[in-house]
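Notes for the structure review
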Amino acid sequence: MLEIKHIKKSFGRNEVLKDVSLEVKKGEVVVILGPSGSGKTTLLRCINFLEKADSGEISIGDKDVVIQKAGRKDILELRQKTGFVFQNYNLFANKTALENIMEGLVSARKAPKKEARSIAEETLTWVGLQDKADYYPSQLSGGQQQRVGIARAVALNPEVILFDEPTSALDPELVGDILDLIKKVATKGITMIVVTHEMSFAQDVADKVVFMDGGIVVEEGAPKDIFYQPREERTRQFLAKFILPGNMYYI
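Thresholds applied
Residues numbered from 1 in each chain as written. Predicted model: local features only at pLDDT ≥ 70, side-chain atom pairs only at ≥ 80, totals over all residues. Heavy atoms only, no water. Helix = DSSP H or I, 4+ residues; strand = E, 2+ residues; numbered from the N terminus. Rg over C-alpha atoms; globule rule 2.2 N^0.38 Å. Buried < 20%, exposed > 50% of the residue type's maximum accessible area, 1.4 Å probe, protein only. Salt bridge = Lys/Arg side-chain N within 4 Å of Asp/Glu carboxyl O. Pairing = 2+ DSSP bridges. Axes fitted to C-alpha atoms, helices over the stretch in contact; angles between N-to-C directions. Contact = heavy atoms within 4.5 Å. Expected span 1.5 Å × (residues − 1).

Looking now at the overall build of the protein. On a plain count of helices and strands, the protein comes out with 9 helices and 10 strands. Over its C-alpha atoms the protein spans a radius of gyration of 18 Å, differing by no more than 12% from the 18 Å that the globule rule assigns to 251 residues. Principal-axis analysis of the C-alpha atoms gives the protein an extent of 55 × 45 × 30 Å. Classification of the 251 residues of the protein by burial places 50% in the buried group.

Right, here's the structure in full:
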């Protein structure tokens, strides 16, 4: 469903992604773990061309793009197959919650405004913010803003949603609610790639866990294998920070 092959990305002399390949099946929830600076966020941003990789190939559904040959039309078609949930929400400050959700439907999907409004209203209700439709981001809490961000991605009905550390900017007491909402998104059967440090979420929701470090995929596998029987020493070192009695690698 989604396949990335040999993705490389450097910023100046800093090689952030070093020949990364990954395959995600339709409807699968893939969680990417790793220390800060391991390339997780850059990988997500390269998948939908928020950053353009230096080389490699990206396939989503029936669309296959060779990075070095990608034109504007290729990039647009690939982006239309994805939704992106940012760690800092990235809402339009001058638009209401409803208008933020409508924007992508109208501008990117060319949906009629009446249809876009109907979808936006339905999605806001789905994330529990039907009474906040006319609120601006400055009037919403961080958790509410992230709910709008998730609603915006879901409303597009994309083939895959990319979550970039969606709880990292939230107060600790709000993290659980957003993780529960992401679990709810997973029940819709949408293919998801989630970059997160929430180990218990990864264990509970992921079909596959990917551990990255130093710009490469160190190890990937089912949650039970990664958390209980990691093959690589670097993975064991990382997970050891979260170990609990009984050899359970979660928090």
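A few words on the pattern of salt bridges. In the structure shown here, the tally under the stated rule is 13 salt bridges. Its salt-bridge partner being arginine 45, residue glutamate 51 comes within 3.7 Å of it at the nearest N-O pair. Residue class for arginine 45 comes out partly exposed when judged on its relative accessible area of 25%. Arginine 231 is paired through a salt bridge with glutamate 219; the nearest N and O atoms lie 3.9 Å apart. One end of the pair, arginine 231, is in the loop between helix H8 (223–228) and helix H9 (233–239); the other, glutamate 219, is in strand E10 (residues 216–221), and 12 residues separate them in sequence. You can call glutamate 219 buried: its relative accessible area is 2%. Sharing partners across several salt bridges, the network here consists of Lys63, Lys73, Asp74 and Glu77.

Let us now look at the sheet that holds strand E1 (residues 2–11). Here 4 strands make up an open sheet; going across it, the order is E2-E1-E4-E5 and the pairing antiparallel. Among the strands making up the open sheet, the edge pair consists of strand E2 (14–24) and strand E5 (63–66). Averaged over neighbouring strand pairs, the angle between their axes works out to 15° when direction is ignored. Pairing between strand E4 (residues 55–60) and E5: 4 bridges, direction antiparallel. From the neighbouring strand, isoleucine 60 faces E5, where its bridge partner is lysine 63. Its contacts with the sheet place helix H1 (residues 40–47) against E1, E2 and E4, and it is angled at close to 115° to E1. In the packing of helix H2 (residues 72–79) onto the sheet, contacts are made with E4 and E5, and the angle to E5 comes to roughly 135°.

Looking now at helix H5 (residues 142–155). When the terminal C-alpha atoms of H5 are compared, their 20 Å separation across 14 residues agrees well with the 20 Å that a helix rising 1.5 Å per residue should span. A large share of H5 lies buried, amounting to 12 of its 14 residues. Regarding H5, the residues found buried are Gly143, Gln145, Gln146, Arg147, Val148, Gly149, Ile150, Ala151, Arg152, Ala153, Val154 and Ala155. Residues of H5 that are buried sit in contact with strand E6 (82–85), helix H3 (97–107), helix H4 (113–126), strand E7 (160–164) and helix H6 (172–186). Remark: asparagine 157 follows H5 within two positions and exhibits a positive phi of approximately 50°.

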